[in-house]
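Structural characterization, general
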Amino acid sequence: MRWRLWLSLTNMKFNHKSVLFDEAIASLNINENKIIADGTAGGGGHSREIAKRAKRLIAIDQDPDAISVLHERLDGFDNVTIVQDNFENIQTIIKDLGLNGIDGMLLDLGVSSFQLDTAERGFSYHQNAPLDMRMSKNGMSAADVVNTYSEEALADILFRYGEEKFARRIAANMVAARQNKPIETTFDLVEIIKQSYPQKAMRDSHPARKTFQAIRIEVNAELDRLERTLTAAMECLNSGGRLSVITFHSLEDRMVKETFARWANPCTCPKEFPVCVCGKKPLGTMPFKFKAPTEAELEENPRARSSRLRCFEKY
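Points about the sheet that holds strand E7 (residues 237–247)
Strands sit in the order E5-E4-E3-E6-E7-E9-E8 across an open sheet of seven strands; the sheet is mixed. Because the sheet does not close on itself, it has two edges, and the strands there are strand E5 (80–84) and strand E8 (284–285). The pairing of strand E6 (residues 102–108) with E7 spans six bridges and is classified as parallel. If you follow leucine 107 over to E7, its bridge partner there is valine 245. Of the strands in this sheet, strand E4 (56–61) and E5 touch helix H3 (residues 64–74), which is tilted by about 170° from E5. This element, helix H11 (residues 222–236), spans E6, E7 and strand E9 (308–314) of the sheet and lies at about 155° to E7.

Things to note about the packing of helix H8 (residues 167–180) against helix H9 (residues 186–196)
Two packed helices can be described by the angle between their axes and the distance between those axes. Where H8 meets H9, the closest approach of the two axes is 9 Å, and the angle between their N-to-C directions is 130°. Accordingly, the angle class assigned to the pair H8 and H9 is oblique. In the crossing of H8 with H9, the sense of the turn from one axis to the other is right-handed. Residues Arg169, Ile170, Asn173, Met174 and Ala177 of H8 form the contact with H9, whose own contacting residues are Leu189, Ile192, Ile193, Gln195 and Ser196. Here the residues of the contact of H8 with H9 are counted per class, giving six nonpolar, three polar and one charged.

Some words on helix H12 (residues 250–264)
The first and last C-alpha atoms of H12 sit 21 Å apart over 15 residues, in line with the 21 Å expected at 1.5 Å per residue. Lining the buried residues of H12 we find helix H7 (151–162), helix H10 (209–220), H11, E7, E8 and E9.

Basis of the calculations
- Residues numbered from 1 in each chain as written.
- Predicted model: local features only at pLDDT ≥ 70, side-chain atom pairs only at ≥ 80, totals over all residues.
- Heavy atoms only, no water.
- Pairing = 2+ DSSP bridges.
- Helix = DSSP H or I, 4+ residues; strand = E, 2+ residues; numbered from the N terminus.
- Contact = heavy atoms within 4.5 Å.
- Axes fitted to C-alpha atoms, helices over the stretch in contact; angles between N-to-C directions.
- Parallel < 35°, antiparallel > 145°, perpendicular 65-115°, else oblique.
- Left-handed = near helix turned anticlockwise from the far one by under 90°.
- Nonpolar A, V, L, I, M, F, W, Y, C, P; charged D, E, K, R; others polar.
- Expected span 1.5 Å × (residues − 1).

Structural data, given as structure tokens:
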């Protein structure tokens, strides 16, 4: 969902429109003296604009397909360094580049439209493909999860990461189905989910949406990595530096919201105390509560509907 794009399979060129583009760029408060990291550089939408304004851009992405596109789009800038890695390793990345800190970092979370619309990546429940969902193309796949996890573990993942109320039924049917043959494709999984849903519940939205989200989060360890990355990014920020995060579902947004609120007000004293005695000082401030897409953006890109931008500035 990070960018809207149309892919030409013949020359691998694509155009895209980044979600909350203007708002995200403005939130970073960029100028020609600042070093900015784009932790989810993807198709280069935000990155290209940052490169035009900043002293230096570190463009990071774990997806090898995205890295190829970034080189096509950003190699013309002499102030850009492209790094294939996960954004949770930001401290190691900037250390390896000989930097002591950065002045801003952008995280545009979730699956990108490029990944979602490329059927063979296995992220979409609308297209039949091998059940993969690996953003880095390495490690455990979605097929590994659904074919090897216990029924209890599957149910827990679906409920915790997908907030799926039919999690136990779906998990039981996965385990039953794989006794006959492995669950290998996206449509194999979609069919199991449909069989697990009451007919009336299928009218609200696609029954596979929550399960696919949950399995994708598990495969890519998204929430664990986000938690570690927020802490690492704060350590990397120079005074006055900003961390801007675009989220696409409530679990991510809740984590970012609560983390930023804790940084802004870390005091643990009882509310009845007239003054703070715990000694915990704010790490910074939030320039705004959050920003959501405009109606005009939603008309152009309906996938942006759930997106939220939050920002924290370090003291």
